[in-house]
Amino acid sequence: MKQIGSLMNLGVIQNYKKYLPVNKNTPIITMGEGQTPLIKSTNIINSINCSNLYFKFEGCNPTGSFKDRGMVFAIAKALETKSKIIACASTGNTSASAAAYGARFGLKTIVIVPNGKIASGKLAQAIAYGAKIISIDGNFDQGLSIIRELSDDNNVTIVNSINPFRIEGQKTAAFEIIDELGDSPDSLFIPVGNAGNITAYWKGFTEYLKYEKSSKLPILMGYQAEGAAPLVKGEPIEKPETIASAIRIGNPASWESAIAARNESGGLIDSVTDDEILSAYEMLASQEGIFCEPASAASLAGLIKTNLINPQSIKDKTIVCVVTGSGLKEPELAEKQFNSKPINIKPELETVKEAIMNL
Ligand code: AN7
């Protein structure tokens, strides 16, 4: 019995409450988020010039993305202050996460999403969890500016990453990586959209160094999609475009903290093309068994780009690529993107045998 209990994931608030702004009125809630696998590369490592490569697969969170780490804490804080309504703008994953935790913990959830620009699985989640869904003929950035104005109304708690508790919860991913590796990796490669996550990882890494849980800080390497790369261009993009809909963001809310994370870590925020993203998306699935959404593959795309242009910078290093969400969010893309297609035949042993011989 005891052993079974010890294997239970108590969630990121319970596991890391010592490092979070938890007080006696903060409810310790969870849906089992966090403790996601840090998967050692078995095949891609052979074509990359580093010595240890890991994928932090955040698609294994309860709603299929890293957002759950931050959402659980934002919701705990909303409950602490007796808020009844939560709201967010989203490219999809934040809305799925908010809707799930909102449903579970009795909060009305309002989500604003860009019409026709969110993956089908994410919309299905928001519908299933019962959120009030407002689809706007506009993009994420326009949705977020509406949300910011809503936040003047005290009855509504904003659960975008402009809510500092989201960042607090998400920093636990950095803690888990250090707890598992025994120290910080040399570099962390991460997709960047609204730039909350790169901010959160940097906070986590710097705090764990301060608590002497690690001996060094990693270099942070953030990747935006080429058509949605305001941090690379140095100015907001009015009409961001990319196949990676999760990071189709032209004016990131955490702009300054992302630049600070880059500068303080001695890292880089660069862009990768949609083709590079799709190629990394295919490699993760077909070579490592990690089926992620396209935005999530921007981290590996960035590592492959770095391996080509500056191999010395990763030589002999321990590297973690953050894989932010599940490929099941957007099944249509896989059907379009991969060569492997089902063959349709009669339900007869001989016909099946013949088909297998011809594979
Ligand atoms: C899979 O859900 O912004 O740089 O509204 O879903 O912290 O924004 C999602 C972002 C990367 C970028 N990977 O993270 C939203 C939203 C996936 C994502 C990002 C997102 P941030």
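First, a word on scope: everything that follows refers to the structure included in this document.

Calculation rules
Residues numbered from 1 in each chain as written. Predicted model: local features only at pLDDT ≥ 70, side-chain atom pairs only at ≥ 80, totals over all residues. Heavy atoms only, no water. Axes fitted to C-alpha atoms, helices over the stretch in contact; angles between N-to-C directions. Helix = DSSP H or I, 4+ residues; strand = E, 2+ residues; numbered from the N terminus. Parallel < 35°, antiparallel > 145°, perpendicular 65-115°, else oblique. Left-handed = near helix turned anticlockwise from the far one by under 90°. Contact = heavy atoms within 4.5 Å. Buried < 20%, exposed > 50% of the residue type's maximum accessible area, 1.4 Å probe, protein only. Right-handed = clockwise from strand over helix to strand, strands pointing away. Pairing = 2+ DSSP bridges. Patch = residues over 30% accessible without salt bridge, like charges linked within 9 Å, V, L, I, M, F, W, Y side chains within 5 Å. Areas by Shrake-Rupley, 256 points an atom, 1.4 Å probe, with all protein chains shown as cover. Salt bridge = Lys/Arg side-chain N within 4 Å of Asp/Glu carboxyl O. Core = buried A, V, L, I, M, F, W, Y, C linked by side-chain atoms within 4.5 Å. Polar contact = N/O pair within 3.5 Å; in protein donor to acceptor, adjacent residues only side chain to side chain. Phe/Tyr/Trp six-rings, centres within 6.5 Å; stacked < 30°, edge-to-face > 60°. Lys NZ or Arg CZ within 6 Å of the ring centre and 35° of its normal.

1. Regarding the packing of helix H8 (residues 172-181) against helix H9 (residues 196-210)
Turning to step 1, where the next piece is worked out: Relative orientation of the contacting elements H8 and H9 amounts to 50 degrees, with a least axis distance of 7 Å. Classed by the angle they form, the pair H8 and H9 counts as oblique. With respect to the hand of their crossing, H8 and H9 are arranged in right-handed fashion. Contact residues: Ala-173, Ala-174, Phe-175, Ile-177, Ile-178 and Asp-179 in H8; Tyr-201, Gly-204, Phe-205, Glu-207 and Tyr-208 in H9.

2. Here's the deal with the pairing of strand S7 (residues 187-191)
Turning to step 1, where the next piece is worked out: Among the five residues in S7, five count as buried, and that is most of the element.
Turning to step 2, where the next piece is worked out: Where burial is concerned, the two faces of S7 agree: the one with Ser-187, Phe-189 and Pro-191 and the one with Leu-188 and Ile-190 are both buried.
Turning to step 3, where the next piece is worked out: One crossover worth recording links S7 to the parallel strand S8 (residues 219-225) by way of H9, and it is right-handed.
Turning to step 4, where the next piece is worked out: Bridging between S7 and strand S10 (residues 318-323) involves three bridges; their strand directions are parallel. The residue of S10 that forms the bridge with Leu-188 is Val-320.

3. Looking at a nonpolar patch on the surface
Turning to step 1, where the next piece is worked out: Taken together, Ile-343, Ile-345, Val-352, Ile-356 and Leu-359 make up a surface patch of nonpolar side chains, about 510 Å² in accessible area.
Turning to step 2, where the next piece is worked out: You can see Val-352 is positioned in helix H15 (residues 349-357).
Turning to step 3, where the next piece is worked out: What makes Val-352 partly exposed here is its relative accessible area of 34%.

4. A word on the nonpolar core
Turning to step 1, where the next piece is worked out: Grouped together as the largest cluster of nonpolar side chains are 51 residues, with contacts concentrated most on Ile-75, Val-159, Leu-188, Ile-198, Tyr-201 and Leu-231.
Turning to step 2, where the next piece is worked out: No other element matches helix H3 (residues 67-80), which puts seven residues into this core.
Turning to step 3, where the next piece is worked out: Ignoring anything within four residues of it in the chain, the contact list for Ile-198 reads Ile-190, Val-192, Leu-220, Gly-222, Ala-258, Ala-261 and Ile-269.
Turning to step 4, where the next piece is worked out: In this structure, Phe-55, Phe-57, Ile-290 and Ile-314 belong to the second largest nonpolar core, which totals 36 residues.

5. Here we look at the environment of Lys-329
Turning to step 1, where the next piece is worked out: Note on placement: Lys-329 falls in the loop between S10 and helix H14 (331-337).
Turning to step 2, where the next piece is worked out: Spatially, the C-alpha atom of Lys-329 lies 9.9 Å from that of Pro-294, the residues being 35 residues apart in sequence.
Turning to step 3, where the next piece is worked out: Those residues in contact with Lys-329, other than ones at most four positions away along the chain, are Thr-63, Gly-64, Asn-93, Ala-96, Ala-119, Ser-120, Gly-121, Lys-122, Gln-125 and Glu-293.
Turning to step 4, where the next piece is worked out: Of note is the side chain of Lys-329, whose polar atom sits 2.8 Å from the side chain of Asn-93.

6. Things to note about the packing of aromatic side chains
Turning to step 1, where the next piece is worked out: The final tally for this structure, using the stated rule, is 11 aromatic pairs.
Turning to step 2, where the next piece is worked out: Relative to Tyr-211, the ring of Tyr-19 lies with its centre 4.9 Å away and its plane at 70 degrees, an arrangement referred to as edge-to-face. Taken together, the residues span a long stretch of sequence, with Tyr-19 in the loop between helix H2 (12-16) and strand S1 (38-40) and Tyr-211 in the loop between H9 and S8 at a distance of 192 residues.
Turning to step 3, where the next piece is worked out: Feature note: the residues Tyr-16, Tyr-19, Phe-175, Tyr-208 and Tyr-211 constitute an aromatic cluster, connected by ring pairs.
Turning to step 4, where the next piece is worked out: Cation over ring: Lys-77 sits above Phe-165, and NZ or CZ is 5.2 Å from the ring centre.
Turning to step 5, where the next piece is worked out: When the ring centre of Tyr-211 is taken as origin, the NZ or CZ atom of Lys-210, which lies over that ring, is 6.0 Å away.

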